[in-house]
Amino acid sequence: MLVHTVTFKQARQLVPVVLPLGAVIGFDGGTTTVVLLAVGVTLASLGFAALNWSRFGYTDGPTAVVVTRGLLARSARTVPRDRIRGVEVEGPLLHRLLGLVRVRIDAAAGATTAEGEEVVVDGVTRAEGERLRAGLLQRRPAPDGAVDPAAPEAAPATEELARFDPRWLLYAPLAGSYLAVPVAAVGALFRLLDELPRQLRPDVDGVHLTGWLAVVLAVGTALVLLALGAVIGAAVVNWGFRLVRRDGALVADRGLVTRRHTELEVDRIRGVSVSAGLGLRWAGAARVSALVTGLGAAQRRGQLLPLGPRAEADRLAGLLVEDPGELRRHPAAARRRQVVRSVAPGLVVTVVGGALAALLGWWPALAAGLGLALLGVPVGLARYAALGHRAGARSFAVRSGWLVQEQVVLQRRAVVGWQVRQSPFQRRAGVATVVACVGAGSGGYAAVDLAAGDVVPFTRAASEEWAGTLAP
Amino acid sequence: MTATGSAPVREPAWPLPRAAIRLWVTQGVIGTVFWAVVLVLALALLPTDDAPLSALPWAGPALLALYAVVAIGLQPWIRFRVHRWEVTPEAVYALTGWLTRTWTLVPIARIQTVDVTRGVLQQAYGLATVAVLTASSQGTVRVPHLPAGVAEQVATDLARRAEQVRDEAT
């Protein structure tokens, strides 16, 4: 019946166990030992896989999905259908060769645990995966009063919202998360080298660098390789990314080797987040994710545009949540506070460095402190420039962050509470931080250092009448 | 309160019972005793002749005295003056903190669960904490140190009303 592809994963897990074993026995035993080991590992993992597979089962009933598993200790997990927030069908390379897919089912998380619970059904045929996906996400009668005017109730027409342009891959070296890919790969390579027995290690003599030219060349090559790695990493994950709206759901397809198919209900989208790090901002690029209720920490699932020009990101965000308009700046007191906060660490180092210079005549700390304090001024100004808020007719927006700037646009109905914070310093400056509590994304989005007088008008405009309780 | 002039939002209407002050004072006393024991042990066991630790015999007691004054003499009273709460027909509203103040407002329609907890000290003073939870991890209204009877009553009342008006709650 079903070929279980877990085998290879388990074989890989056994490798670290076998390598030291081999090191102890010694690979000197010749090829016989190696072949025996290989055969043994394969058989053992096949056995494991078969056992696991035979003890795994699932049923999708009319009200709930039940997954049972476990070798000795049996576990059955029941997920009520109305708690299912999203279904992802993915086909890793091996699965695709065998015509299989892996289905991930996202269930809503409770109020206290922010993480989404996930149920995985691995190794079903593509047709069965498709049937599960379609069946589980069948449109339920919309809960009254929650009908989003943006959701089309028309025929199941598909409308393409975004399509990935391969040229956007060039932004990848500027995004931290993609830069991490080649670095991680190099790290893994070194770890593997460490685990290999000495005889098998490639014999590399220490490279002798002489002169500035060689250093510059080496650094340049490393940078180019890093950038190349980031582009390749981004391409593997995002190749052929396409986002369509179909029958009240957003469907995203992507991936070069592993194809991923993600589906999100439009009804559950409460807002969008457009974020960009320093590098991406410099290049005029950004990424977009949807803030979906009950998705909890499964952020990757909500990604709507992995990488793209800012204009494209803003257009996509505007399609899903109404744009509340130009952001309002925060008061001058906020600018003062941001600059002071950015300069303060440098000043502390300067004072300590001054003491050291006076007592021991050791001045590098003093110089570093002064440099940090000076750098703090532009950083503080940039942090202030990032601050903004605006309440529109049906939505509102807040923006903050310098290293990674995030602009979040939320629907009015998304707000499940308000939190207003004021430290003694903020009280003196006449500002306060307002957090919109939302049952999606990170749980709360803050408008930092709002003028104290603006708090009540903003909360009133950005949520329903109950926010009037805050008014004096 | 001196800060009402620049307060960004309204103060909730109801204060905490005065027993809350006694509880915070007790907590301050316990904290002071704990640090005093730590200090005595440190003075007895550590060599205090060397340069970095030579300040301990006079700086330790001074810091301890400062901590005692703040934790026993100041903080409970400031907290009592700051902390307020209110349940309106539409929402639950609370103000907490002592230096940094936090106002939290949650509409009844978005309440998911209401918890009542009673710590050991709270039981001694007949107090309880009410926590109103929503779908957001940050949107929790926590009212500490209400009289146990009131807390119980508020919790049942809120849970019942939340059931009646609940929309999607997310």
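Our subject in this report is the structure included herewith. Small disclaimer: the values here were computed from a predicted structure and weren't measured.

## Side note on the overall build of chain A
Right, so step 1: Secondary structure summary: chain A contains 12 helices and 19 strands in total.
Right, so step 2: For chain A, the share of sequence-separated contacts (at least 6 apart) that also reach a separation of at least 24 residues comes to 57%.

## Examining the interface of chain A and chain B
Right, so step 1: Counting from both sides, the interface comprises 39 residues of chain A and, opposite them, 31 residues of chain B.
Right, so step 2: Where chain A abuts chain B, roughly 2,900 Å² becomes buried across the two surfaces, and 56% of that area is made up of carbon and sulfur atoms.
Right, so step 3: Summed over the shared surface of chain A and chain B, the result is 1 salt bridge.
Right, so step 4: One salt bridge connects B:R110 with A:E464, and the closest N-O pair in it is separated by 3.9 Å.
Right, so step 5: Applying the counting rule to chain A against chain B returns 11 residue pairs in polar contact (both at pLDDT 80 or more).
Right, so step 6: Broken down by secondary-structure element, the contributors of at least two residues to the side of chain A that touches chain B are β17 (415–422), α11 (424–429), β18 (431–438) and α12 (455–462) of chain A.

## Let's talk about the packing of helix α9 (residues 332–360) of chain A against helix α10 (residues 364–386) of chain A
Residues and elements named next belong to chain A.
Right, so step 1: For the pair α9 and α10, interaxial distance at closest approach is 7 Å and the crossing angle is 175 degrees. Looking at the two axes, α9 sits roughly antiparallel to α10.
Right, so step 2: Looking at the contact of α9 with α10 residue by residue, the class counts come to 16 nonpolar, 9 polar and 3 charged.

## Focus on the pattern of salt bridges
All names here are of chain A.
Right, so step 1: Taken as a whole and judged by the stated rule, the model has 22 salt bridges over all chains.
Right, so step 2: Among the salt bridges present, the one from E160 reaches R242, with a minimum N-O distance of 2.8 Å. Of this pair, E160 sits in strand β7 (residues 158–163) while R242 sits in strand β8 (residues 242–246), and the two are 82 residues apart along the sequence.
Right, so step 3: Using a relative accessible area of 32% as the deciding quantity, one classes R242 as partly exposed.
Right, so step 4: Ionic pairing is found between E312 and R315, a salt bridge with its closest N-O pair at 2.9 Å. Of the two residues, E312 and R315 are both situated in helix α8 (residues 310–320); the distance of 3 residues between them amounts to about one turn of the helix.

## Overview of a nonpolar patch on the surface
Residues and elements named next belong to chain A.
Right, so step 1: Side chains of L93, L94, L97, L98, L225, L228, I232, V236, V237, W239, L256 and V257 sit close together on the surface and give an oily, nonpolar patch of about 1,100 Å² of accessible area.
Right, so step 2: The greatest single-element share of the nonpolar patch, amounting to 5 residues, is contributed by helix α6 (residues 211–238).
Right, so step 3: Along the chain, L93 turns up in helix α3 (residues 93–97).
Right, so step 4: Look at L93 and you get partly exposed, because its relative accessible area is 47%.

## Topic: the sheet that holds strand β5 (residues 113–117) of chain B
All names here are of chain B.
Right, so step 1: Strand order across the open sheet formed by 3 strands is β5-β6-β7, with antiparallel pairing between neighbours. Here the strands that pair on one side only, and so sit at the sheet edges, are β5 and β7 (141–147). Within the sheet, the average angular offset between the axes of one strand and its neighbour, ignoring direction, is 20 degrees.
Right, so step 2: With 5 bridges connecting them, β5 and strand β6 (residues 127–133) associate as antiparallel partners. Counterpart to D115 in the pairing with β6 is A131.

## Observations concerning the sheet that holds strand β14 (residues 388–391) of chain A
Residues and elements named next belong to chain A.
Right, so step 1: Spatial strand order, β13-β12-β11-β16-β15-β14: 6 strands in an open sheet with antiparallel pairing. Strands with a single pairing partner mark the edges of an open sheet, and in this sheet they are β13 (303–309) and β14. Looking at each pair of strands side by side, their axes are set apart by 15 degrees on average, direction ignored.
Right, so step 2: Strand direction decides the pairing type here: strand β11 (residues 269–277) and strand β16 (residues 404–411), joined by 7 bridges, are antiparallel. Across the sheet, V274 pairs through a bridge with Q407, a residue of β16.
Right, so step 3: Where α8 meets the sheet, its contacts fall on β11, β12 (285–292), β13 and β16, and the angle it forms with β13 comes to roughly 150 degrees.

## Considerations on helix α1 (residues 19–45) of chain B
All names here are of chain B.
Right, so step 1: Between its first and last C-alpha atoms α1 spans 39 Å; for 27 residues at 1.5 Å apiece the expected length is 39 Å, and the two agree.
Right, so step 2: All of the buried residues in α1 are A19, A20, I21, L23, W24, T26, G28, G31, T32, L39 and A42.
Right, so step 3: On its buried face, α1 is in contact with α2 (56–82), α3 (120–124), β6 and β7.

Cut-offs applied
- Residues numbered from 1 in each chain as written.
- Chains lettered and ligands numbered in written order.
- Predicted model: local features only at pLDDT ≥ 70, side-chain atom pairs only at ≥ 80, totals over all residues.
- Heavy atoms only, no water.
- Helix = DSSP H or I, 4+ residues; strand = E, 2+ residues; numbered from the N terminus.
- Contact = heavy atoms within 4.5 Å.
- Buried area = accessible area lost by both parts, 1.4 Å probe.
- Salt bridge = Lys/Arg side-chain N within 4 Å of Asp/Glu carboxyl O.
- Polar contact = N/O pair within 3.5 Å; in protein donor to acceptor, adjacent residues only side chain to side chain.
- Axes fitted to C-alpha atoms, helices over the stretch in contact; angles between N-to-C directions.
- Parallel < 35°, antiparallel > 145°, perpendicular 65-115°, else oblique.
- Nonpolar A, V, L, I, M, F, W, Y, C, P; charged D, E, K, R; others polar.
- Buried < 20%, exposed > 50% of the residue type's maximum accessible area, 1.4 Å probe, protein only.
- Patch = residues over 30% accessible without salt bridge, like charges linked within 9 Å, V, L, I, M, F, W, Y side chains within 5 Å.
- Areas by Shrake-Rupley, 256 points an atom, 1.4 Å probe, with all protein chains shown as cover.
- Pairing = 2+ DSSP bridges.
- Expected span 1.5 Å × (residues − 1).

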